[in-house]
Amino acid sequence: MASSRPVLEFRNVHTHYGPVHILKDVSLSIYEGQIVCLLGGNASGKTTTLKTVLGMVVPTAGEVLIEGEVVNGWRTAQIVARGVSMVPENRRLFKRMTVRENLEIGAYLRKDDTSADYERILDMFPRLKERLGQRAGTLSGGEQQMVAVGRALMARPRVLLMDEPSMGLAPVLVAQNFDIIRQINEAGTTVFVVEQNANMALSIADYGYVLQTGKIVLADTAPNLLANPEMRQAYLGEVG
């Protein structure tokens with residue numbers, strides 16, 4: 001059940017890279033327990049949105065709020081400590097480090113016992129049990145995605161950000177990956193997915209936003225977006 005106050009919110013956010021206006025008056029709300037997807041093509045501003053959540057990009061106007069508190073100007077470590085973690089595009093593992101070391105890095109801000117989370121992640125991804133001493137750079141793309149998700153979960157986030165989780169994966173692995181996202185959500189983690197694969201993202205999401213050249217052009221429940229003729233033609237590959 002969603003709470004009445006968003007756990008993550010953008011209010012009229014604008015961002016710039018130098019003179020280039022990237023996000024243009026973006027407002028969105030993500031409530032506890034939801035899976036929310038942000039859809040759009042290349043250069044639409046999707047990754048910039050996630051970087052803005054994490055404080056890597058500071059809004060030039062508007063506000064980013066976590067649990068009702070404005071976090072504009074916060075350092076990334078402060079935002080992670082507040083309960084936000086990310087699975088980056090292309091996974092961004094420490095390739096010369098082992099699987100175990102990559103997972104442990106995910107918990108670097110925690111001071112409590114992480115062993116239960118570690119075991120839960122290995123139960124979720126049994127293949128990683130056989131790979132713990134292996135360098136992350138030698139794993140397959142699907143295995144690297146497991147490590148990236150596990151590393152993010154080691155922070156025990158309240159909100160998990162996922163940047164293009166289907167990128168570079170075979171179709172069967174994409175389906176498995178989205179099934180894992182659903183499981184993570186059912187276990188209590190709110191998920192914000194940035195994705196080009198609109199069909200797959202909307203199949204698991206509660207709500208979706210469509211970003212086009214930095215502006216939100218559609219926002220609705222996932223079933224309504226799937227049924228929206230404009231959405232079907234522009235983003236789901238249907239003609240007519």
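Attention here is on the structure that accompanies the text.

## What to know about helix H6 (residues 171-186)
Okay, step 1: The end-to-end C-alpha distance of H6, which contains 16 residues, comes to 23 Å, matching closely the 22 Å that a straight helix rising 1.5 Å per residue would cover.
Okay, step 2: If you check which residues of H6 are buried, you get Val174, Asn177, Phe178, Ile180, Ile181, Ile184 and Asn185. Buried residues in H6, looked at end-on, bunch into an arc of 150°, giving them a common side. For H6, exposure combined with an orientation more than 90 degrees from the buried face picks out Val172 and Glu186.
Okay, step 3: Taken together, the buried residues of H6 touch strand E5 (35-39), helix H4 (115-124), helix H5 (141-153), strand E9 (159-163), strand E10 (190-195) and helix H7 (198-204).

## Observations concerning the nonpolar core
Okay, step 1: In this structure, Leu39, Leu103, Phe125, Ile181, Ile184 and Met231 are the most contacted members of the largest nonpolar core, which totals 44 residues.
Okay, step 2: In terms of residue count, the dominant contributor to this core is H5 (six residues).

## Description of the pattern of salt bridges
Okay, step 1: Counting across every chain of the model gives 14 salt bridges.
Okay, step 2: Between Glu164 and Lys46 there is a salt bridge; the shortest N-O distance is 3.3 Å. Of this pair, Glu164 sits in the loop between E9 and H6 while Lys46 is found in helix H1 (residues 46-53), placing the two residues 118 residues apart along the sequence.
Okay, step 3: Classification of Glu164 as buried rests on a relative accessible area of 6%.
Okay, step 4: The class of Lys46 is buried, set by a relative accessible area of 5%.
Okay, step 5: The salt bridge involving Glu69 is made with Arg82; its shortest N-O contact spans 2.5 Å. Note that Glu69 is positioned in strand E7 (residues 69-70) and Arg82 in the loop between helix H2 (76-81) and strand E8 (84-87), a separation of 13 residues in sequence.
Okay, step 6: You can call Glu69 partly exposed: its relative accessible area is 35%.
Okay, step 7: Bridged by salt links that share partners, the residues Glu32, Glu67, Glu69, Arg82 and Arg158 form one connected network.

## Quick word on the pairing of strand E12 (residues 215-221)
Okay, step 1: For strand E11 (residues 207-212) and E12, the ladder comprises six bridges, and the chain directions are antiparallel. Counterpart to Gly208 in the pairing with E12 is Asp220.
Okay, step 2: Connecting E11 to the antiparallel partner E12 that follows it, the hairpin turn spans two residues, and Thr213 within it adopts a positive phi of roughly 45°.

## Quick word on the sheet that holds E7
Backbone hydrogen bonds are what pair the strands of a sheet, in a parallel or an antiparallel way.
Okay, step 1: Strand order in this open sheet of four strands is E4-E1-E6-E7, and the pairing throughout is antiparallel. Both outer strands of the open sheet, strand E4 (26-30) and E7, are each paired with one neighbouring strand and no more.
Okay, step 2: Taken together, the two bridges between strand E6 (residues 61-66) and E7 define a ladder with antiparallel strand orientation. Bridge pairing in E7 places Leu65 opposite Val70.
Okay, step 3: Against the sheet, H1 makes contact with strand E1 (8-14), E4 and E6, and its axis sits at roughly 115° relative to E1, the strand it touches most.

## Description of the sheet that holds E9
Okay, step 1: In space, the six strands of this open sheet follow the order E8-E9-E10-E5-E11-E12, with mixed pairing throughout. Strands with a single pairing partner mark the edges of an open sheet, and in this sheet they are E8 and E12. The average angle at which neighbouring strand axes cross in this sheet is 15°, direction not considered.
Okay, step 2: Relative to E11, E5 runs parallel, the two being bridged by four bridges. Among the inter-strand pairings, Val36 is bridged to a residue of E11, identified as Tyr207.
Okay, step 3: Its contacts with the sheet put H5 on E8 and E9, and the angle it makes with E8 is roughly 175°.

The rules behind each value
Within any chain, residue numbers begin from 1 and follow the written order of that chain's sequence. Two thresholds apply to this predicted model, a pLDDT of at least 70 for residue-level local features and 80 or more for giving and counting side-chain atom pairs, whereas whole-chain, interface and lining totals are computed over all residues. Remark: hydrogens and water are excluded; side-chain values derive from all non-hydrogen atoms of the structure. Segments assigned H or I by DSSP are reported as helices when at least four residues long, segments assigned E as strands when at least two residues long, and all are numbered from the N terminus. The length a helix should cover is 1.5 Å for every residue beyond the first. Burial status follows relative accessibility: with a 1.4 Å probe on protein chains alone, a residue under 20% of its type maximum counts as buried, one over 50% as exposed, and anything between as partly exposed. Starting at the helix axis, one direction is taken to each C-beta atom, and the arc is that of these directions. Any pair of residues with heavy atoms lying within 4.5 Å of one another is described as a contacting pair. Working definition of a nonpolar core: buried Ala, Val, Leu, Ile, Met, Phe, Trp, Tyr and Cys residues. They are joined through side-chain atoms within 4.5 Å. Any Lys or Arg side-chain nitrogen located within 4 Å of an Asp or Glu carboxyl oxygen qualifies as a salt bridge. Only strands that DSSP links by at least two bridges are regarded as paired with each other. Every axis in this analysis is a line fitted to C-alpha atoms, fitted for helices over the stretch in contact. Angles between the N-to-C directions lie between 0 and 180 degrees.

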